[in-house]
Amino acid sequence: MFSSQTAKIKYSYNKIREVKSHRIGELFSAYRDILWDDGRHKYNVSSFIGEIDEILLGERFSAFDQSTLDNLIGTLRQRGNSNATINRKMAALSKLLRKAHKMGDIHSLPEFRRQKERAGRIRFLERDEEARLFAAIKSRSEDAYRLSVFLVDTGCRLGEALGLIWNDIQEHRVSFWITKSGRSRTIPMTERVKEVIKLPATEGRRPKGPFTKLSQAQFRAIWNDAKAEVGLGADDQVVPHILRHTCASRLVQGGIDIRRVQMWLGHQTLSMTMRYAHLATNDLDGCVTVLETPRCSGADSGGASALSAPPPARRGPKGEPAASNAPKPAKRSAKS
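Residues numbered from 1 in each chain as written. Predicted model: local features only at pLDDT ≥ 70, side-chain atom pairs only at ≥ 80, totals over all residues. Heavy atoms only, no water.

Things to note about the overall build of the chain
Cut-off, in case you're wondering: Think of it this way: any DSSP run of H or I at least four residues long counts as a helix, any run of E at least two long counts as a strand, and we number them from the N terminus. Exposed residues in this analysis have more than 50% of their type's maximum accessible area, buried residues have under 20%, and partly exposed residues fall in between, with area computed by a 1.4 Å probe over protein chains only. Contact criterion: two residues are considered in contact whenever any of their non-hydrogen atoms come within 4.5 Å of each other. Per-residue and other accessible areas follow the Shrake-Rupley method at a 1.4 Å probe size, with only the shown protein chains counted as cover for residues.
Looking only at helices and strands, the chain has 13 helices and five strands in total. The buried share of the chain, reckoned over its 336 residues, is 36%. Sequence separation of at least 24 residues holds for 62% of the intrachain contacts in the chain that already meet a minimum separation of 6. Per element, the accessible surface of the chain, about 23000 Å² overall, is 52% carbon and sulfur.

Structure representation (structure tokens):
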């Protein structure tokens, strides 16, 4: 403390904290419950971090340098991971390391660069495929059938539907509060959805929500048995998430603009919804009309094309023809 008649200055010293070395697994154990909510996504992240820790051979570090990150990405690629899969794993690692850096567990971070992903083919159900698949599901479980109809007509994620409670359903609309993006949304319901959310009259206590009797594992097991029965067992893209793709595809093909499709699905960015933009083929029909319009031939235009037509005469400032800059022919003399 220093003081005088004119000023009073106080000096203080912050505590210096030692940065210790940690394993990736240790950091995940410390911060997983803070960074990720319980659910399937947290389960996937746990698998990602476990694989990363295994690749790093449990190495302890106080700084995660760029060469370590590059070697990690190279190893994942050698193991057959696509760029999209690598991006998901790196997103989990980046989130964990940024938290550890903020808390003072590590003192430097590498630069995470998103790998370029290819736009793959989006599989969606045709009407006849939906009818056959849903009939097979209904023969196994009425609750699973009701959930399937709800998923395809709302386009919501499986976890969003299973987490619904009765207070989320008001008149003709349904609200999704627990979403992947963290943003709630409310959408209107189709007549078919209004029917399937009604539970049959049964004795006993009413469940918390329309689909809370089912778990994800139970629904997926019923789904896989049904798709095998209708001849879709070999198609690895026919998973419950295909119902979300099917809903989005039908909206775009029906003429709904991309921005409203984004709001309906709850996509965080428009680029995610643009995957379905190519299905809006009606928007391009006018291009064919323009290209097929007959062009004027040379005979129809009096033998002169637009490219060979003489330029319009220039006008002077008062509208009279301007003097030409072209050379005038020489005057003939009287002797000639």
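Examining the pairing of strand 5 (residues 185-188)
Short version of the rule: Two strands pair if DSSP finds at least two bridges between them.
Covered by surrounding structure in strand 5 are R185 and I187 only, the residues T186 and P188 on the alternate face being uncovered. The pairing of strand 4 (residues 173-176) with strand 5 spans four bridges and is antiparallel. From the neighbouring strand, R173 faces strand 5, where its bridge partner is P188.

Side note on the sheet that holds strand 3 (residues 169-170)
Strand order in the open sheet formed by three strands is 3-4-5, with antiparallel pairing between adjacent strands. The sheet is open, and its two edges are formed by strand 3 and strand 5, each paired on a single side.

Quick look at helix 4 (residues 83-102)
Put simply, the rule reads: The span one expects for a helix is its residue count, reduced by one, times 1.5 Å.
Taking 1.5 Å per residue as the helical rise, helix 4 with its 20 residues ought to reach 28 Å, and the 28 Å between its terminal C-alpha atoms agrees with that figure. All of the buried residues in helix 4 are I86, N87, K89, M90, A92, L93, S94, L96, L97 and A100. Residues of helix 4 that are buried make contact with helix 1 (24-35), helix 2 (40-55) and helix 3 (66-78). One or two residues past the end of helix 4 sits G104, with phi positive at roughly 85 degrees.

Side note on the environment of A84
Mapped onto the secondary structure, A84 falls in helix 4. Look at A84 and you get partly exposed, because its relative accessible area is 22%. With 30 residues separating them along the chain, A84 and R114 place their C-alpha atoms 9.1 Å apart.

Details of the packing of aromatic side chains
Threshold: Stacked, tilted and edge-to-face are the three classes assigned to paired rings of Phe, Tyr and Trp, where Trp is represented by its six-membered ring and a pair needs centres within 6.5 Å; plane angles under 30 degrees give stacked, over 60 edge-to-face, the rest tilted. Whether a charge sits over a ring depends on NZ of Lys or CZ of Arg being within 6 Å of the ring centre and within 35 degrees of the ring normal.
The final tally for this structure, using the stated rule, is six aromatic pairs. With a centroid separation of 5.7 Å and an interplanar angle of 50 degrees, the aromatic rings of F28 and W36 are classed as tilted. Like W36, F28 is buried. Aromatic side chains F150 and F176 sit 6.3 Å apart centroid to centroid with 65 degrees between the ring planes, which places their arrangement in the edge-to-face category. One end of the pair, F150, is in helix 6 (residues 142-154); the other, F176, is in strand 4, and 26 residues separate them in sequence. Side by side, F150 and F176 carry an identical accessibility label, which is buried. Chaining the aromatic ring pairs together yields one cluster made of F150, F176 and F211. One Lys or Arg, R206, reaches over the ring of W166 and ends 4.0 Å from the middle of that ring.

Considerations on the nonpolar core
Where we set the bar: For the purposes of this section, nonpolar cores are sets of buried Ala, Val, Leu, Ile, Met, Phe, Trp, Tyr and Cys residues that join through side-chain atoms within 4.5 Å.
Counting residues in hydrophobic clusters, the biggest one holds 50 residues, and the most contacted among them are L133, I137, L147 and F150. Elements supplying a minimum of two residues to this core: helix 5 (127-140), helix 6, helix 7 (158-162), strand 4, helix 8 (191-196), helix 9 (216-229), helix 10 (242-253) and helix 11 (258-265). Sorting elements by how many residues they give to this core places helix 6 first, with seven residues.

Regarding the confidence of the model for the chain
Let me state the cut-off plainly: Values of pLDDT, which run from 0 to 100, indicate the predictor's confidence residue by residue.
Per-residue pLDDT for the chain averages 83, and the proportion of residues at 70 or more is 80%. Here residues 301-309 is a poorly scored stretch, pLDDT under 50, and it has two contacts once near neighbours within four places are set aside; other chains count.

Considerations on the pairing of strand 4
Examined bridge by bridge, strand 3 and strand 4 share two bridges and lie antiparallel to one another. When the bridges of strand 4 are listed, Q170 appears paired with R173. A loop of two residues connects strand 3 with strand 4, the two strands running antiparallel in sequence, and E171 in this loop sits at a positive phi of about 50 degrees.

Here's the deal with the side chain of T246
Note the following rule: Here a polar contact means two N or O atoms within 3.5 Å. Within protein one must be a hydrogen donor candidate and the other an acceptor candidate, and residues neighboring in sequence count only if both atoms are side-chain atoms.
By the element assignment, T246 lies in helix 10. Separated by 3.0 Å, the side chain of T246 and the backbone nitrogen of L125 make a polar contact. In contact with T246, not counting residues within four places along its chain, are F124, L125 and V152.

What about the packing of helix 2 against helix 3?
Basically, it comes down to this: Every axis in this analysis is a line fitted to C-alpha atoms, fitted for helices over the stretch in contact. Angles between the N-to-C directions lie between 0 and 180 degrees. The cut-offs work like this: below 35 degrees is roughly parallel, past 145 is roughly antiparallel, 65 to 115 is roughly perpendicular, and the gaps in between are oblique.
Two numbers describe how helix 2 lies on helix 3: the axes approach to 11 Å, and their chain directions differ by 110 degrees. Here helix 3 runs roughly perpendicular to helix 2, going by the angle between their axes. Contacts between helix 2 and helix 3 pair E51, I52 and I55 from the former with L72, T75 and L76 from the latter.

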